[in-house]
Structures are given as structure tokens and as C-alpha cells.
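Commentary on secondary and tertiary structure
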Amino acid sequence: MNYNWNWGIFWQPAPDGSGVYFGWLVSGIEWTLLTALLAWVIALALGAAIGTLRTTPAKWVVRLGDAYVEIFRNVPLLVQMFLWYFVLPELLPKGLGDAMKQMTPPWASFWPAVLCLGFYTSARVAEQVRAGIQALPRGQRMAGTALGLTQPQAYRYVLLPQAFRIILPPLTSEFMNIIKNSSVALTIGLVELTARARAMQEFTFQVFEAFTAATIIYILVTLIVVFAMRWVEKKVAVPGLISAGGAPMAGH
Amino acid sequence: MFSGFDFDVIARSAPYLFKEGMTFTLTLTAMAMTGGIFFGTLLAMMRLSSFKWLNVPAAAYVNLMRSVPLVLVIFWFYFLVPYIGAWIIGAKEPVRVGAFMSSVITFMMFEAAYYAEIMRAGIQSVPRGQVWAGYALGLNYWQTMAQIVLPQAFRNMLPVLLTQTIILFQDTSLVYVLSITDFLGAAAKIAQRDGRLIEMYLFVAVVYFIISFSLSYGVKHLQQRIAIIR
Amino acid sequence: MPMIEFKNVSKWYANFQVLTNCTTRVEKGEVIVVCGPSGSGKSTLIKCVNGLEPFQQGEIFVNSQSVGAKETDLNRLRSMIGMVFQSFELFPHMKVADNVNLGQVKVLGRSVEEAMAKSMSLLKRVGLEAHAHKFPGQLSGGQQQRVAIARALAMDPIAMLFDEPTSALDPEMINEVLDVMVELAHEGMTMMVVTHEMGFARKVANRVIFMDRGEIVEDAKKEDFFGKPRSERAVQFLSKILHH
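Figured I'd write up the structure that's included with this text. (Residues numbered from 1 in each chain as written. Chains lettered and ligands numbered in written order. Predicted model: local features only at pLDDT ≥ 70, side-chain atom pairs only at ≥ 80, totals over all residues. Heavy atoms only, no water.)

A few points about the interface of chain C and chain B
Note the cut-off: Contacts are assigned to residue pairs that have any heavy atoms within 4.5 Å of one another. A 1.4 Å probe defines the accessible area here, and the buried area is the portion of it lost by two parts on being joined, summed over both. Salt bridge, as applied in this entry: a Lys or Arg side-chain nitrogen positioned within 4 Å of an Asp or Glu carboxyl oxygen. Pairs of N or O atoms are called polar contacts if they sit within 3.5 Å, as long as, within protein, a hydrogen donor faces a hydrogen acceptor (for residues adjacent in sequence, only side-chain-to-side-chain pairs).
Contacts between the two partners involve 23 residues from chain C, matched on the other side by 20 residues from chain B. Interface area, chain C with chain B, both sides summed: about 1900 Å², of which 66% is carbon and sulfur. For the chain C face of the interface with chain B, the top three residues by lost area are Phe91, Pro92 and His93 of chain C, together amounting to 28%. In this assembly, chain C and chain B are joined by zero salt bridges. Remark: the boundary between chain C and chain B carries five residue pairs in polar contact (both at pLDDT 80 or more).

Thoughts on unusual backbone geometry
Residues and elements named next belong to chain C. Heads up, the condition is: Starting at the N terminus, helices and strands are each numbered in turn, a helix being any DSSP run of H or I of at least four residues and a strand any DSSP run of E of at least two. Buried residues are those whose accessible area, probed at 1.4 Å on protein chains only, stays under 20% of the maximum for their type, while exposed residues exceed 50% and partly exposed ones sit between those limits.
Although it is not a glycine, alanine 14 adopts a positive phi angle of roughly 55°. Tracing the backbone shows alanine 14 in the loop between β1 (4–13) and β2 (16–26). A relative accessible area of 73% means that alanine 14 is categorised as exposed. Despite not being glycine, aspartate 156 shows a phi value in the positive range, around 50°. You can see aspartate 156 is positioned in the loop between α5 (141–153) and β7 (159–163).

Brief notes about the environment of leucine 78 of chain A
If you trace the backbone, leucine 78 of chain A turns up in helix α3 (residues 77–91). C-alpha of leucine 78 of chain A to C-alpha of proline 15 of chain A: the two residues are 63 residues apart in sequence and 29 Å apart in space.

Regarding the sheet that holds strand β5 (residues 65–66) of chain C
Residues and elements named next belong to chain C. Condition: Two strands pair if DSSP finds at least two bridges between them.
Taken in spatial order, the four strands make up an open sheet running β2-β1-β4-β5, and their pairing is antiparallel. Two strands lie at the open edges of the sheet, namely β2 and β5, each paired on one side alone. One ladder, built from seven bridges, connects β1 with β2; its direction is antiparallel. Bridge assignment links isoleucine 4 to a residue of β2, and that residue is valine 26.

Keep in mind that these numbers describe shape and distance, not what the molecule does.
Here is the structure:
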């Protein structure tokens, strides 16, 4: 077969003078992780808040929360990415819009990517948090109230601590999804890992070496995340409290 | 805020968007769903089998597909399929496979891993006692699967399989990275040609929203109708 | 020839021994009650009779057929033994009548009409013919368990195994199930029943087997067991459960 294998390509100098091609991939995974982590912070904060609000007795708050989730779930991530990158600067008041448009790469791609991933994932986190709280026996809320706790206190001390333990596995999946989804930002110019692998392929024609390296790096990151989360699960485990799982779930 | 926008461009380009773009998106979704469920079923059965030489490769494949971004998989198959095609037909040069064919294969094989997991979880969610009750009556393995386990598993997994298909429908937009003209690609072309990014992208978002939302509403409805009362 | 015979049966889950040298027998027409604390292995013991649980040592014979032997047609053997589970395990996606028909049609090869006739007569016997076309989810626990008994009886079994048949039921439904079981016993069915219901044992059991930590500690005629249990553990167990 006519393919010239050259695994030494990683140690050859890259055309932009920044070092060897391997360095490109390292820089790529750094941007991937940075984007993913910042977006995850946003996703957790927003998602936990909205998920919790969707379980309160206030009907219109629940409906707003539902609408929020539906909007982010029913539009493809790539389309949302374009909206944040191309459309948002035009819709903002002149000052903010211009400021956004004047950002230089890589930040011009970075911030829209972080915001896009953050909001997109926050809707999914909200779903998990809501499901986790609603999976608790109804008596828990009543027991809290019977003690005299206010609603926020009941959430803080009774419901949320249990709900989070239950949803640790699906939350881990969401975190891995954010890492994978960061690759979509290559379409708006973010030089994360997949973008770097593609660039390396375009410059060197060593297609399979470049993509194999990227694949291995993603797998390693996945494994590290899985092990880290298992460690976290063990640390916070409460005997007798079983976590979610078992039923079939869709997703990416 | 909305002055200077030309929403007319939507009306003018709608025929192109839907006839070229949306048909591509829907065709790709349908083909990937069919192939994905077919291969997913095979994978699920391999994973559930007690033969190590079946369930280990299947598990490895599923875990690989789930660890790697879809964008990367799209690139992989785009470059790999010509070589595999050459190897299959014994040619010396990589076979010329178009972007369309490669994306069909990509999505089929990628989604198969997700469908397989849904089916496996569905089968395993049938309580073990049901299997025992079947055996206690004297039914053999195949009878127990066909009469007792699979009917229940299917009712459990159908809504989730359909939800996964809706996700697949949205994911097809990623063929953009191969410059293929799906619904989003068509809109991007018009947007760049006419300088109407905002109108076109907002329109695309709205259309995807309406379709996905209606479909998931339908799935929710279906779920209530076929749920098994335990 | 006893209907069911255990000879030095031992079973391990990995390194943990759940049954140790169990030897006993059930004669035709006898009703044996198996009792003991949780984890004593009583459920495991009866699940070994129809091969739902494999065992590593010893032998079990049902109607002179060895359960553990490779040549035994396990499916045929199972069709001759009826089993009733603690969690009923009716097939929720099939109507009540179809639950009772399934084994008859698919295993015994009866025609659908034959099977339906038998099912309806058995459902009538347990008092549930009016519910034949409902789904299990629409019935109460006690009703579901009675259907489960009918389902097992439809196979014309030579022996019936009951694994804590009333443990998952609300108190007011326990009697409707026990009544069906008492009637079965009076008709001469060979029964092996794991249960805590000592009233039932006193009424119809011939012998009582007491198990603790995987061993058969006592195996005595009913009068002897309740009158003068020989082991310390049995005495303790009885004193705990008889003072309700």
C-alpha cells in the first residue's frame, strides 16, 4: 500500500518555528483542557443553579428553567458556536460588540468557545441535577421542613449533598463530553488538539501518525478523568446511597 | 438592534437551503440511523456474549468511539476509508471515496457504538428475576430472550434510541469540517456570499430547534404510551 | 424413592461458602418448610433444586434424575418443577392469561386453545378468572402471587418450590396466598417452602428444616421442631419470630 510511514515526524521542526510537531500537539491539548475546564466551571455553576430552580414549587421558575434547557438542547453545538462567534458581537450594544470584535486570536476564538461550551453544557448539567434531586425519596424534603429548615437550607443541607453523590457518574460523562466537544471550536479558529492534528496532517501528509497521536492523547485524558472521578466517588461515598445508572441513556 | 437586517435573504434562499441542504441532512441521518442500529445490534450482542473473543473487541470498539471527539472521527474515516477500500478490493492506490460516502460510513460506525450501549443497557435493565422465571418454566435461552427479555428491553430502549437519533440529526452538522453542503453548510455558503451571517445562522438555529423540539416532544409522548407498568 | 434428594451439597460464591454439606430428602406428597435467619442459604438451597443456582459439590436428584449431571435435560426437568418467587416475577408485558399460557405453549407444546382452557380453570381455582385479561401491573401483590402459583401449576408439576412467597406482600394479602398453598398441600402436592410463616408450617408442614450459615442445623418432624427443638440456634430463632 502506498503510504509512507514516518513516526519520526513528531520530532521534526514545525514550519512556524515554534519547535517540533510534537510541540504543536502539546499546545493543542493545553488549549483543549483550558477551554474545557473554564467552560466546565460555567456549566457547573449555571447548571446546578438552574437544575435546582427547576425543582422548586414555583411554577413559572420551573417553566423558565425548562425553556432554558430546551433551547440549548435542540440546536446543534456547531450552530450555537457560530451564533456566539459571528452573531453575538453584532447583537450586543456597540461598545461591547466592538470590544469583542477587536479581540485578537487566539482569544477571539477562545472566549466565544468557552461561553458556548459553558452554556451548552449547563443545560445538560441542569437536567442531571434536576433528575438527581427528583430521584431522592419525597420524604427527604418533608423531613427537612419538619425540622424547621427553610427551603434554601433544606436544599443546602439535605437535598443537594445527596443529589450530587447520585449524579457523579453522569456528571463525569458530561465533563468528558466537554473535552470532546471543544474540538468543534476548531471551526471558529481555536487551535485545540484536533485542529493541531489536522494542521500537522496538512503540512506533513503524515495523516495516520498525526491522527493516531491525537487519538491516543484523547484516550489518555479520558482514562485520567475516569480514574480521578472514581477516586472522588470513593471519597464522598456514603454507605447505602446508590448512584444513578442502569437504565439506558442517550448522549455523546 | 435589528435595523439593517435583510430577512428577505431567508425567503430567497429557502428553496436552496431545504432542497439541497436539508435533504442531505435528512438522508445522512436516515442512512446513519439504519446502519448504526444494525451494527449497534451486532455490537450489543457481542458485548453481552460470554465469549471473550467477541466481547473484548466489541467493548474496545465502543469505548474507543466514546473517548474520541466526533470531529476527529470524521477526519479519521475521511482519510482511512480510501485505504480500507483499496485493501478490500486489492487495489494499489487508495480508492477515491467521496466526502459524502465517507461521512455516511463515519456516522454509521460512530453512532453504532452509542446505539450498542443503549441496547446493552436496555437488555440488562430487565430484572434478573424475569430470566429466572423463564428458566423455571423450562424455557431455554433463546425462548427466554425472545419471549421475555427482548420485548421488555425494546420497550425500555425505544425512546432512548429515538432520542439518540435526534442527537445524530444535530451531529450531522459537523460535516461542515469537510466542507460538505448540508443544511448548515448551505446556509453558510449563502451567508458568506451575501454577507448575511446573522440572518442565516439565526434561521438555521430556529429550524433545527423546531424540528428537534417537535421530535423530542413526540418521543416523550411515545414513551408514555408504551411504558410497561411494573 | 424420594421426590427430591440432597446428598452432601456444597456451594461457593468465589471464596465464600454459602452451602455446606446439605443432606436431606422430600418424599412424594410431603410438605417441607425451610426456615432460618437471613443469609442462611435457604433461598440458595431451593434454587439449586431446579438448577437456577449451580453447585460445586454433592448431588441433587429430582424424581431420580440428577440435577447436576451433564446429560440431564435441564429445561425438561425445570418444566416438571414449579417455582414461585418472592417478587412474583410475572411477565409485565403480557396479560395475566398469557403469563399462564406461555410455558404450556412454548415448553409443553400444547395448543393455544388447550392452554387457555387450562389457564382459565387454574385462574378460577385461585379466584382470579375475572382478571385474566388485565396486565400484572394492574393487580395487587397478593393477586399477582396467586397468578404466579397458577402459572407454575399450569405445567402440571411433580413438585413445587416456593421462595419466600409472602415476604414481599402487605400483611392483609398474606392469607389469600397462604390459603391457596394450604389447599395445594391438602391435595397431596410435594412442596418445599422457604418461609417465615410459622402458622403455615404448623398447619400443613410434615417436616421443618432449620438452616443457619449454609448448614442444615435441624431437620425434624413438625411436632418435634416446635415442641422441643434440639439446637440452641433453632431455639433462639423461634423465640425471635414467634413473639410477633
